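Chain by chain, the residues:
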Amino acid sequence: MQIHETSLTGGFTNPVLDSQNVFRTVMNCMAQPGTIGEVAMGVEPPAPLGAAAGAVMLTLCDHDTAVWLGPHLLTPGITGWLGFHCGAPLTKEKTEAKFAFAHHKAPLPSLMSFAQGTLEYPDRSTTLVIEVEALDGGPTLELKGPGIRTTALLSPKGLPEHVLKQWAKNGQIFPQGVDVILTAGHRLAALPRTCKISLKEA
Amino acid sequence: MSELAAYNFAYLDEQTKRMIRRAILKAIAIPGYQVPFASREMPMPYGWGTGGVQVTASIIGPDDVLKVIDQGADDTTNAVSIRAFFQKVAEVAVTTHTGEATIIQTRHRIPEETLKEGQVLVYQVPIPEPLRFLEPRETETRKMHALEEYGLMHVKLYEDIARHGRIATTYAYPVKVHGRYVMDPSPTPKFDNPKMHRSEALQLFGAGREKRIYAVPPHTDVVSLDFEDHPFEIQTFDKPCALCGANHVYLDEIVLDDGGKRMFVCSDTDFCETRRAEGHTGEMLAPSQEAAE
């Protein structure tokens, strides 16, 4: 494989402290759905992978995690970046993916087509990282569930339509199901499988 | 530290941290479910909080303020050595004040002071499986969790009532998290169970020897198992703390002599010290102060 020059640059300046920082942001967002986290350090993954999505990739992916890349992200630059910085294997099988990265500009496969975990091991499910247009300015979603005192609001713009439709089903098969991290540029938010989402009337 | 550049920040190597971090995220997404993880050898024996230490090491950053308690106390061996460990390997600020801490690692207690949003409580867990003493086979307990088959646990509590007239379990009292998983809150006294319910803080549990991580996100239902005619109740104490006079706190018994004299004091040393600094005195403290004056 030819090495793309963008594959070698744009990682963490300080891998140890930067990945700790990004992880705490992701952890807080996952523990408190509706919270929007910010990736402040200068991570520059090859376009169109966003900074926050790239930072999540650097923080959580390695040789133990098969990664699925959506069609829009399956570029030599990004696969090279993933290989060089994380050493993570690529997979075409969605059910084998520990992490799946997708972009709003390409169609996202059904949530049910990814690994759902088993009843005995519900943790063996895919975590989807979906790049949306923005985390605000879209239709307002009302979130309920663990991590939320009463309700929380999130208005992601460019979230694929079927994600909302399939989300109820994702919740019904609890404890199985996928977890989602939404990213937009430097910002991110998380939707763990326990989160109940309803579309708030404007 | 720089001349001793032998250890990575927070001791663990980065691959281990990533593995633990992935387990923590899944644990948060499935409240009360025990996520298996590849627990590492730590520079302390199993049973000394290696699970909690690995969880803390994977989440801690240079801006954190760490508090470590052992049975509520900041000054017992386990707490002192773990605090010193993180001062050495992560150069992190430490405190004994519950309110100032961003991460609190605990063995067998939840602080009396109500935890706030943004704080993380890390429990050291010896046996994470609440069903283990009822069913020794992991394959079976895993299936029981999968099928939400918790009848055996209720039988155990019922047998308590049949034998003792009440539920005799006083610590590691089983809870149901988010209406789904029965979870061992670690050997905290059942006095602390109500504090877990809809706590503002994130609660993470690490079991090093048993290689399990589980979590309770903030604002999550944590309900102690009971029966309609035998509702869950916490321990009560006849007298207030002998040093600070606090009521409705968990007290430790301290034997004073071989003639049967004893006193009961707060198990949470920070809570007790803060109250005494505020001028509260209990019955054992008051006379000596008067004598000094």
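Since this is a predicted model, take the numbers as computed values, not measurements.

Asker: Provide a residue-level description of the sheet that holds strand β10 (residues 222–224) of chain B, including the pertinent values.
Answerer: Two orientations exist for strands paired in a sheet by backbone hydrogen bonds: parallel and antiparallel. Residues and elements named next belong to chain B. With respect to topology, three strands assemble into an open sheet ordered β7-β6-β10, the strand pairing being antiparallel. Strands at the two margins of the open sheet, each flanked by one partner only, are β7 (181–183) and β10. Strand-to-strand twist in this sheet, taken as the mean axis angle between neighbours without regard to direction, amounts to 35 degrees. In this sheet, β7 lies alongside strand β6 (residues 175–177) in antiparallel orientation, the contact comprising three bridges. Within β7, the residue paired with Val175 across the bridge is Met183.

Asker: Explain the pattern of salt bridges to me, using residue names and the numbers behind them.
Answerer: Residues and elements named next belong to chain B. If you walk through the whole model with that rule in mind, you get 25 salt bridges over all chains. Of the charged contacts in the structure, one is a salt bridge between Lys17 and Glu14, with a shortest N-O distance of 2.9 Å. Taken together, the positions of Lys17 and Glu14, both in helix α1 (residues 14–29) and three residues apart, correspond to about one turn of that helix. Put simply, Glu210 and Arg209 hold a salt bridge, and the shortest N to O gap is 3.6 Å. Among the residues examined, Glu210 registers a relative accessible area of 30% and is labelled partly exposed.

Asker: If you had to explain the domain arrangement of chain B to someone new, which residues and values would you point to?
Answerer: The figure often quoted for interface size is the accessible area lost as the parts come together. Residues and elements named next belong to chain B. By the assigned domains, chain B splits into domain 1 (14–130 + 172–220) and domain 2 (235–281). Put simply, the middle of domain 1 and the middle of domain 2, counted by C-alpha atoms, are 25 Å apart. Every contact between the two is made by 16 residues of domain 1 and, on the other side, 11 residues of domain 2. When the two sides are added together, the surface that domain 1 and domain 2 hide from each other amounts to roughly 1100 Å², 47% of it contributed by carbon and sulfur.

Asker: Describe the interface of chain A and chain B, with residues and values.
Answerer: Taken together, the contacts link 39 residues of chain A with 40 residues of chain B. Buried area between chain A and chain B, summed over both chains or domains, comes out near 3300 Å², and the portion from carbon and sulfur atoms is 63%. Taken together, the connections running from chain A to chain B amount to five salt bridges. Between Lys26(B) and Asp179(A) there is a salt bridge whose closest N-O contact spans 2.8 Å. For the interface between chain A and chain B, the tally reads 20 residue pairs in polar contact (both at pLDDT 80 or more). For the side of chain A that touches chain B, the secondary structure elements donating two or more residues are α1 (15–31) and α2 (51–60) of chain A.

Asker: With reference to specific residues and values, describe the nonpolar core.
Answerer: Considering soluble globular proteins, one finds that nonpolar side chains tend to be buried as a cluster. Of all hydrophobic cores here, the largest spans 86 residues; its most connected members are Met27(A), Phe101(A), Ile24(B), Phe86(B) and Leu204(B). The contact partners of Phe101(A), leaving out residues within four places of it in the chain, are Leu49(A), Ala53(A), Met57(A), Cys61(A), Val67(A), Trp68(A), Leu69(A), Gly70(A), Leu73(A) and Val129(A). Among the nonpolar cores identified, the runner-up in size contains 26 residues, and Leu108(A), Leu111(A), Phe114(A) and Leu143(A) belong to it.

Asker: Describe the packing of aromatic side chains, naming the residues involved and giving the relevant values.
Answerer: Counted by the stated rule, this structure contains 11 aromatic pairs over all chains. Here Phe85(B) and Phe86(B) contribute two aromatic rings whose centre-to-centre distance is 5.1 Å and whose plane-to-plane angle is 75 degrees, an arrangement assigned as edge-to-face. For Phe86(B), a relative accessible area of 0% corresponds to the buried category. Feature note: the residues Tyr7(B), Tyr11(B), Phe85(B) and Phe86(B) constitute an aromatic cluster, connected by ring pairs. The positively charged end of Arg124(A) is found above the aromatic ring belonging to Tyr121(A), 3.7 Å away from the centroid.

Asker: Residue-level account of the sheet that holds strand β2 (residues 67–69) of chain A, with values.
Answerer: Residues and elements named next belong to chain A. If you walk across this open sheet you meet the six strands as β1-β8-β7-β4-β3-β2, and the pairing is mixed. In this open sheet, the two edge strands, each paired with only one partner strand, are β1 (37–38) and β2. Relative to strand β3 (residues 99–103), β2 is paired through three bridges, and the arrangement is parallel. Residue pairing in the sheet places Leu69 in a bridge with Phe101 of β3.

Asker: Which residues make up the confidence of the model for chain B, and what values do they have?
Answerer: For chain B, the mean per-residue pLDDT works out to 94, and 95% of the residues sit at or above 70. Scoring the predicted complex yields pTM 0.95 and, for the interface, ipTM 0.97.

Asker: Quick rundown of helix α3 (residues 76–86) of chain A? Include the residues and the values.
Answerer: At 3.6 residues per turn, the α-helix brings residues three or four places apart onto the same side. Residue and element names in this part refer to chain A. When α3 is considered as a whole, its buried residues turn out to be Gly77, Ile78, Thr79, Gly80, Trp81, Leu82 and Cys86. Against the buried residues of α3 lie α2 and β2. A positive backbone phi angle near 65 degrees is found at Gly87, which sits one or two residues after α3.

Asker: Tell me about the pairing of strand β12 (residues 262–266) of chain B, and please be specific about residues and values.
Answerer: All names here are of chain B. Here strand β11 (residues 251–255) runs beside β12; their pairing, made up of five bridges, is antiparallel. Note on β12: the bridge partner recorded for Asp252 is Val265. The antiparallel hairpin formed by β11 and β12 contains six residues in its connecting segment, where Gly260 sits at a positive phi of about 90 degrees.

Asker: Account for the environment of Tyr250(B), with residues named and values stated.
Answerer: Residues and elements named next belong to chain B. For Tyr250, the position within the fold is in the loop between β10 and β11. Residue Tyr250 is classed as buried on the basis of its relative accessible area of 18%. C-alpha of Tyr250 to C-alpha of Cys272: the two residues are 22 residues apart in sequence and 11 Å apart in space. Aside from chain neighbours lying at most four places away, what touches Tyr250 is Arg109, Glu112, Pro189, Phe191, Gln235, Phe237, Val265, Cys266 and Ser267.

Asker: Account for a nonpolar patch on the surface, with residues named and values stated.
Answerer: On the surface, Ile254(B), Leu256(B) and Met284(B) cluster together into a nonpolar patch covering about 220 Å² of accessible area. Position of Leu256(B) among the secondary structure elements: in the loop between β11 and β12.

Asker: Which residues make up the packing of α2(A) against α1(B), and what values do they have?
Answerer: Between two packed helices, what matters for the description is the angle formed by their axes and the separation of those axes. Closest axis-to-axis distance for the α2(A)/α1(B) pair is 8 Å, and the angle between their directions is 115 degrees. Of the residues in α1(B), those touching α2(A) at Leu58(A), Thr59(A) and Leu60(A) are Arg18(B), Arg21(B), Arg22(B) and Leu25(B). Each residue belonging to the contact of α2(A) with α1(B) can be placed in one class, and the counts come to three nonpolar, one polar and three charged.

Cut-off values and rules
Residues numbered from 1 in each chain as written. Chains lettered and ligands numbered in written order. Predicted model: local features only at pLDDT ≥ 70, side-chain atom pairs only at ≥ 80, totals over all residues. Heavy atoms only, no water. Pairing = 2+ DSSP bridges. Helix = DSSP H or I, 4+ residues; strand = E, 2+ residues; numbered from the N terminus. Axes fitted to C-alpha atoms, helices over the stretch in contact; angles between N-to-C directions. Salt bridge = Lys/Arg side-chain N within 4 Å of Asp/Glu carboxyl O. Buried < 20%, exposed > 50% of the residue type's maximum accessible area, 1.4 Å probe, protein only. Domains from an automatic or database assignment. Contact = heavy atoms within 4.5 Å. Buried area = accessible area lost by both parts, 1.4 Å probe. Polar contact = N/O pair within 3.5 Å; in protein donor to acceptor, adjacent residues only side chain to side chain. Core = buried A, V, L, I, M, F, W, Y, C linked by side-chain atoms within 4.5 Å. Phe/Tyr/Trp six-rings, centres within 6.5 Å; stacked < 30°, edge-to-face > 60°. Lys NZ or Arg CZ within 6 Å of the ring centre and 35° of its normal. pLDDT = per-residue confidence, 0-100. Patch = residues over 30% accessible without salt bridge, like charges linked within 9 Å, V, L, I, M, F, W, Y side chains within 5 Å. Areas by Shrake-Rupley, 256 points an atom, 1.4 Å probe, with all protein chains shown as cover. Nonpolar A, V, L, I, M, F, W, Y, C, P; charged D, E, K, R; others polar.

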